[in-house]
Every structure is written in C-alpha cells, then in structure tokens.
Amino acid sequence: MQLEGIHHITAITGDAPRNVDFYARVMGLRLVKKTVNQDDPTIYHLFYGDEEGDPGLDLTFFEYPGASPGRAGDGMIHRIVWRVGSADAVGFWADRLGGEDVATERVDGRLRFRDPEGLEHELRVDESDDDPLIAEHVEVPREMALEGFDGVRAYSSQPEASKALLEQALGFRGAGDGWEVRGERRGSTYAYDSPPAEPGVQSAGTVHHVAFASSVEDHETWRERVIRAGARPTPVIDRFYFRSIYFREPSGVLFELATIGPGFTVDEPLEHLGEHLSLPPAFEHLRDQVEPRLTPLPDVRQWRPGAVPSGG
Ligand code: ZN
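Calculation notes
- Residues numbered from 1 in each chain as written.
- Predicted model: local features only at pLDDT ≥ 70, side-chain atom pairs only at ≥ 80, totals over all residues.
- Heavy atoms only, no water.
- Buried < 20%, exposed > 50% of the residue type's maximum accessible area, 1.4 Å probe, protein only.
- Helix = DSSP H or I, 4+ residues; strand = E, 2+ residues; numbered from the N terminus.
- Arc of directions from axis to C-beta.
- Contact = heavy atoms within 4.5 Å.
- Pairing = 2+ DSSP bridges.
- Axes fitted to C-alpha atoms, helices over the stretch in contact; angles between N-to-C directions.
- Phe/Tyr/Trp six-rings, centres within 6.5 Å; stacked < 30°, edge-to-face > 60°.
- 1 Å grid on protein atoms, 1.4 Å probe; cavity = no way out; pocket = protein on both sides within 12 Å on 5 of 7 lines; lining within 4 Å.
- Points joined across faces, edges and corners; volume = space filled by probe spheres on them.
- Nonpolar A, V, L, I, M, F, W, Y, C, P; charged D, E, K, R; others polar.
- Left-handed = near helix turned anticlockwise from the far one by under 90°.
- Salt bridge = Lys/Arg side-chain N within 4 Å of Asp/Glu carboxyl O.
- Core = buried A, V, L, I, M, F, W, Y, C linked by side-chain atoms within 4.5 Å.
- Donors = N, O, S within 2.8 Å, 3.2 Å for Na, K, Ca; no water.

A.B. asks: Which parts of the structure should I look at to understand helix 4 (residues 219–228)?
C.D. replies: Every α-helix carries 3.6 residues per turn, so stepping three or four residues along brings you back to the same face. By the burial criterion, the buried members of helix 4 are His-219, Trp-222, Arg-223 and Val-226. For helix 4, the buried positions fall inside an angular range of 100° around the axis, keeping them on one side. Of the surrounding elements, those touching the buried residues of helix 4 are helix 3 (163–169), strand 13 (207–214), strand 15 (242–248) and strand 16 (254–262). Following helix 4 by one or two positions, Gly-230 has its phi on the positive side, about 100°.

A.B. asks: What's the story with the sheet that holds strand 16 in this structure? I'm lost.
C.D. replies: One open sheet accounts for eight strands, arranged 2-3-4-1-13-16-15-14; its pairing is mixed. Each of the sheet's edge strands pairs with one partner strand only, and the pair in question is strand 2 (30–37) and strand 14 (237–238). Direction of pairing for strand 14 relative to strand 15: antiparallel, over a ladder of two bridges. Across the sheet, Ile-237 pairs through a bridge with Ser-244, a residue of strand 15. Along the sheet face, helix 1 (residues 16–26) touches strand 1 (6–13), strand 3 (40–49) and strand 4 (58–63) and points at about 10° away from the line of strand 3.

A.B. asks: Hey, could you run me through the packing of aromatic side chains in this one?
C.D. replies: Each aromatic ring pair is characterised by the separation of its centres together with the angle its planes make. Applying the stated criterion across every chain yields a total of 18 aromatic pairs. Centroid distance Tyr-241 to Phe-264: 5.6 Å. Interplanar angle 50°. Geometry classified as tilted. Within this pair, whereas Tyr-241 is found in the loop between strand 14 and strand 15, its partner Phe-264 is found in the loop between strand 16 and helix 5 (287–290), the two being separated by 23 residues in sequence. Members of the aromatic cluster, connected to one another through ring pairs, are Phe-172, Trp-179, Tyr-190, Tyr-192, Phe-212, Phe-247 and Phe-255.

A.B. asks: Please explain the layout of surface pockets as it appears in this structure.
C.D. replies: Leftover empty space is mapped by rolling, across the atoms, a probe with the size of a water molecule. Here the largest pocket is characterised by a volume of approximately 420 Å³. Lining the largest pocket are 27 residues; nearest its centre among them are Arg-110, Arg-124, Asp-150, Asp-177 and Thr-189. Those elements that provide at least two residues to the lining of the largest pocket are strand 5 (77–84), strand 7 (110–114), strand 8 (120–125), strand 9 (149–155), strand 11 (178–182) and strand 12 (187–193). Among the elements that line the lining of the largest pocket, the one with the most residues is strand 12, at five residues. Across the lining of the largest pocket, the residue classes tally to seven nonpolar, seven polar and 13 charged.

A.B. asks: Sorry, what's going on with the packing of helix 1 against helix 2 (residues 87–99) here?
C.D. replies: Packed helices, taken two at a time, are described by the angle their axes make and the gap between the axes. Where helix 1 meets helix 2, the closest approach of the two axes is 12 Å, and the angle between their N-to-C directions is 145°. In this structure, helix 1 crosses over helix 2, and the sense of that crossing is right-handed. From helix 1, Phe-22, Arg-25 and Val-26 reach across to helix 2, where they touch Trp-93, Arg-96 and Leu-97.

A.B. asks: Where do I start with empty space enclosed by the protein in this structure?
C.D. replies: Within this structure, the stated rule accounts for four cavities of 30 Å³ or more. The calculated volume of the largest cavity comes to roughly 80 Å³. Surrounding the largest cavity, 13 residues form its lining, Arg-30, Leu-31, Val-300, Arg-301 and Arg-304 being those nearest its centre. Split by residue class, the lining of the largest cavity holds six nonpolar, two polar and five charged.

A.B. asks: Is there a simple way to think about the pattern of salt bridges in this case?
C.D. replies: Side-chain pairing between opposite charges can occur once the charged atoms of the two side chains come close. Under the definition given, this model contains 30 salt bridges. Put simply, Arg-96 and Glu-139 hold a salt bridge, and the shortest N to O gap is 3.0 Å. Placement of Arg-96 in helix 2 and of Glu-139 in the loop between strand 8 and strand 9 is noted, with a sequence separation of 43 residues between them. According to the relative accessible area criterion, Glu-139 is partly exposed, its value standing at 42%. By sharing partners, the salt bridges in this structure join Arg-83, Arg-124, Asp-126, Glu-127, Asp-130, Asp-150, Glu-180 and Arg-182 into a single network.

A.B. asks: Would you mind going over the nonpolar core with me for this structure?
C.D. replies: Across soluble globular proteins, nonpolar side chains show a tendency to be buried alongside one another. In this structure, Met-27, Trp-93, Leu-170, Phe-172, Tyr-190, Phe-212 and Phe-255 are the most contacted members of the largest nonpolar core, which totals 72 residues. Ignoring anything within four residues of it in the chain, the contact list for Trp-93 reads Val-26, Met-27, Gly-28, Val-84, Gly-98, Leu-111, Leu-123, Val-140, Met-144, Ala-145 and Leu-146.

A.B. asks: Help me understand the coordination of the zinc ion in this model?
C.D. replies: Each donor-metal-donor angle would ideally measure 109.5 degrees in four-coordinate tetrahedral geometry, or 90 or 180 degrees in six-coordinate octahedral geometry. The protein atoms that coordinate the zinc ion are His-8 (NE2), His-209 (NE2) and Glu-256 (OE), at distances of 1.9 to 2.0 Å. Sequence spacing of the donor residues for the zinc ion, all on one chain, is H-x200-H-x46-E. Residue His-209 is found in strand 13, and its partner Glu-256 is found in strand 16; the two are separated by 47 residues along the sequence. Comparing His-209 with Glu-256, the two get one shared label, buried.

See below:
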C-alpha cells in the first residue's frame, strides 16, 4: 500500500478573476472545476489541472474576496515545485513570465517566481519517469507546458518531529534533502526548510493544505495508520469528486489524504469541464442563492484550443 504522490494542493486567493487570468491564461492550466467551498458555499473553490483533471496536477484555490496578502511561516508550505520537460521549457517560462512583468529567478537551472498574490512556485526539469500531465492551451506548446507537481517545501522548526509519521505511517522515503512519496504510477517530493522569524499568516497567496493520493480501497486503512501514529484525522468526508481525511502532521502542515476517484467527470463531460458552476448534489438547492453572489470570472474557453476569437 503506497500513496501515489500529491493528489492536489489547495491555496487561497483574494482575487478570483486575477487568479483565473494567471493560472488559466498565463500558466496554461485548464480550469477543470468551478465549484464552491463545501465548508462555505458562498465562495468559490477553483480547480486547475491538466487536460483530464488528473490527480498529480491539481492546484486549487478557495476564494476569500478581498483577502489581504498572507505569508508562509512555521508549519506552512512555502513553495510549490513543478515539472517541465526540458531546459528549453524553463527558458520558455522565463520569457513568458517576463513578458507578463512577473519577476523570475534562476536557481541551479530551476526557475522561481511568485503568483500575483505572492504564492511561490519553482519549475524544474523532470527527472522522474512519471507520465507528464499536460493541459492544452492556445499559447503554450505541449513540449513547454507544466507537466505536474514535483513536490512541495514547507517551513518547520522541528522537522525531526514529523519523521516517524511521514516514514512509518505514510511510507515516505528519504530522498535528497527531504522525502519521496511514491506509488505504482506516480511520486512526489516533500521537504522542510528553516522557518523565517515572523509567524505565518494564512491568507491570500498561501497554501492551505496538501493532499496525497490514495486508492479508494486503501483510504480507510490509511486513516487507521494515521491514528496509530498519533495524529488525529477527521472522519472520511465525501467531497463528491473524491473522499478526504484531514490531519496536521507534527510540523503543523495540514495534510489531506484524497481518493483517486471518482474525479471531475462525475458531473460534467470531459470536453466541458470547468465551464459552468458545478454544485455537488448536496449543494444544488443553493444554486439560485449562490450563483448571483459569486464573483464574475473570465471565460476560460478563449484560451482553449479551437477557441473562436471574440473579435474586439
Ligand atoms: Zn483538499
């Protein structure tokens, strides 16, 4: 029984239209689900993915309109590391982000930058044999596209405290300056850095949690393992697109274990993922109240292959 790497990463935005512009236009990801936060259905939960909405490339945002900028501190993820296919792709993104006035920094062949709200990303050339997870986009050629998560880095003042849970309960294996969590099909990395002096502020531009991928069959067993390791997971919560448990690992990072199915095509056809507001059945009765209150968003179809120019 192994976790199949990162399932999704969830962060916070205070500005959903700008968030859609950055991730669906500039970064070339596909908006694969536009739905609401199931714990607060008056706000968006936006999911960006590859063409199929696969676990392994799924960056999601809760929208708290107007939220002030936060900052990562002890016990929080501070950097999302992505795979690209080649050094040429790193150069492509340096140019493309530069053209958007996004500051970039090259570090050991990798490219670091922040989204408009300060969330830090790093692109690196993929060294795994995992299948690339790619979204189609009118301006980003396939060979330059983001290919999925490589891993995340968190701040911890007591990384040793997390070792037993990560290694014994969750099957993480020491690799590089952190760990690799790898299943039959995919793997991801997880590592800690020393925290800054200032405490973190969970707000816009910060990561809320990281989810690791479990098969549907193993999900309950993972929960029991986490309990035996001394963590306190939630009950299994049905998120409609997947099932989830949540717990804080000893360094303070909020972990989720999410099932690989049923996935985003459970309520929309693959060709039209994310084009309309999706509400799980338990929330459908709120549509008339919720839909008019949500922030209007750009039409992402303009950045999809086969898009018809809007003329003007
Ligand atoms: Zn989640």
